[in-house]
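One-letter residues, chain by chain:
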Amino acid sequence: MHHSIFESAEARGIFKDERFLYPEYIPEKLPFRESQIAEIAGSLKPLLRNGKPQNLFIFGPSGTGKTVTARYVLRELEEYASKVKGIYINCFEFHTRNAVLNKLCLALGNAVPRRGLASDEIYNEFVHALKVKNVAPIVVLDEADQLIRDKTASQLLYDLLRITELHSIHLGIILISNIRDTLAMLDDRVRSSLSALTIEFNQYTPEQLKQILHERARNAFFEDAIEKDVINLAAAQAAKCSGDARIAIESLLAAGRIAEKEGAKKLSVVHLKKAFERIKPRALEKALPHLDSCEKEILKIMCEHEKIFSGELYKAYCSRCKQAISERSFRDKINRLAELNILSVREATAEIRGRTREIMLAQPKEAIIELLKGD
Ligand code: ADP
Ligand code: MG
């Protein structure tokens, strides 16, 4: 008798519905983000009575739910008021004025020829489409630092702000970034007319991560197909990556697939550990191309220490690097690495030294070593 190669795959596996772990999935509820949701919704609400929305700047470390929360609010708003049109743009993909304007037109159903149109013309197309369609647009520029690095960014934001001023179409702008001082890179005039309200996303605690993961896993896996400690371990790994929920969710998906491929009846911590090896912390991946050789050297030293006082780290650095660096600029580098969530810094009181700073890695050592390989 012939057996289909898919027969075993159709048998009851580990996943009840793996789509609940997909990165684009937007949950029905976002625990621990209630206040941010309320603040975003409140800021955009004037759109519903043809008023002017409050522009927003959302910032916080990787995996703290910035993207999913913004999309969640857009979805709710669109469902509530059909006039609202959320336009989500990831600036990793679209990072020039021209590319963003193109994408905006496309979102309103106006295809723009691939070549030939100048930005000003695309801008006019977009304004025209907004008028014809009579929509209340909210433009989300996610990973906005990628765009703001580009010299056309201020002009683009100026374009968007001008739409409200000149055409009395109330357009909401939401900028999202990991980096606190993203807006400082904009022209003063653009920044002040944007007058964005800042909403901060703080890191999830290990306990919060556990609850978030339980909820996602409950929908994704058959209840008895997952070992008890798996969720706790996934949450612990995310906590090690400065609270990055994405790490945990991607790892659970990968682990479930590994378990099914192996024909296991239960997803175990062994599968999960295998999955960890495949999934790189986003904070690291994003930051690495932008680190200078000094910052990379600091990380190499940090990989040899659990924690270290800043003075000792400075000494270790000076003994290894010929290039001299002042204590002041060394401190700036540490602060930058902390801002990127690769290091964490704690004010400490050491007996002899008085006040000092204790430095620790905020990402798994193995992942840093792996990414620094070849440097
Ligand atoms: P960020 O944009 O801040 O890097 P994301 O919004 O991409 O983070 O979130 C990372 C992952 O964690 C996504 O899969 C997202 O759905 C999930 N997630 C984040 N916060 C929550 C939450 N409060 N409840 C459920 N899932 C969450
Ligand atoms: Mg994001």
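What you are looking at is a predicted structure, and each value in this text was computed from that prediction instead of being measured. (Residues numbered from 1 in each chain as written. Chains lettered and ligands numbered in written order. Predicted model: local features only at pLDDT ≥ 70, side-chain atom pairs only at ≥ 80, totals over all residues. Heavy atoms only, no water.)

S.K.: How should the pattern of salt bridges be read in this particular structure?
M.R.: One side chain can pair with another of opposite charge once the charged atoms of both are near each other. Overall, the coordinates contain 19 salt bridges when judged by the stated rule. Across the pair Asp 17 and Arg 19 runs a salt bridge, and its minimum N-O distance is 3.0 Å. The class for Arg 19 is exposed, based on a relative accessible area of 53%. Residue Glu 304 pairs with Arg 320 through a salt bridge whose shortest N-O separation is 3.3 Å. In this pair, Glu 304 is assigned in the loop between α14 (293-302) and β6 (307-309) and Arg 320 in helix α15 (residues 310-320), connecting sequence segments 16 residues apart. What makes Arg 320 partly exposed here is its relative accessible area of 38%. Sharing partners across several salt bridges, the network here consists of Arg 97, Asp 120, Asp 159 and Arg 162. (Salt bridge = Lys/Arg side-chain N within 4 Å of Asp/Glu carboxyl O. Buried < 20%, exposed > 50% of the residue type's maximum accessible area, 1.4 Å probe, protein only. Helix = DSSP H or I, 4+ residues; strand = E, 2+ residues; numbered from the N terminus.)

S.K.: Sorry, what's going on with helix α7 (residues 153-167) here?
M.R.: Given 3.6 residues to a turn, an α-helix orients residues that are three or four positions apart in the same direction. With 15 residues, α7 should reach 21 Å at 1.5 Å per residue; the first-to-last C-alpha distance of 21 Å fits that figure. Taken as a whole, α7 carries its principal kink of about 30° at Leu 161. All of the buried residues in α7 are Ala 153, Ser 154, Leu 156, Leu 157, Asp 159, Leu 160, Leu 161, Arg 162, Ile 163 and Thr 164. For α7, the elements touching its buried residues are α4 (97-107), α5 (119-133), β3 (136-142), α6 (144-148), β4 (172-177) and α8 (188-194). Looking at the residues trailing α7, positive phi occurs at Ser 168, about 40°. (Expected span 1.5 Å × (residues − 1). Bend = angle between axes of the 7 residues up to and from the residue. Contact = heavy atoms within 4.5 Å.)

S.K.: So what exactly am I meant to see when it comes to the packing of aromatic side chains here?
M.R.: By convention here, two paired aromatic rings are described through the distance between centres and the angle between planes. One pass over the structure, following the stated rule, counts 5 aromatic pairs. Aromatic pair Phe 20 and Tyr 25: ring centres 5.0 Å apart, planes at 70°, arrangement edge-to-face. Overall, Phe 20 belongs to the partly exposed group, its relative accessible area being 22%. For the pair Phe 57 and Phe 59, a centre-to-centre distance of 5.9 Å together with 10° between the ring planes defines the contact as stacked. Exposure class is identical for Phe 57 and Phe 59. Each is buried. Among the aromatic residues, those joined into a cluster by ring pairs are Tyr 314, Tyr 317 and Phe 330. (Phe/Tyr/Trp six-rings, centres within 6.5 Å; stacked < 30°, edge-to-face > 60°.)

S.K.: Is there a simple way to think about the environment of Pro 364 in this case?
M.R.: Residue placement: Pro 364 occurs in the loop between β8 (354-361) and α17 (365-372). Contacts of Pro 364, omitting those with residues within four sequence positions, involve Gln 237, Lys 240, Cys 241 and Pro 281.

S.K.: Whenever I open this one, the nonpolar core confuses me. Can you help?
M.R.: Nonpolar side chains in soluble globular proteins tend to end up buried together. Judged by nonpolar contacts, the single largest core of 37 residues is most densely connected at Leu 104, Phe 126, Leu 141, Leu 160, Ile 163 and Leu 175. Among residues more than four places away in sequence, those in contact with Phe 126 are Ile 87, Leu 104, Cys 105, Leu 108, Leu 160, Ile 163 and Leu 171. Counting residues in each nonpolar core, the second largest holds 34 residues, with Tyr 204, Phe 222, Val 230 and Leu 272 among its members. (Core = buried A, V, L, I, M, F, W, Y, C linked by side-chain atoms within 4.5 Å.)

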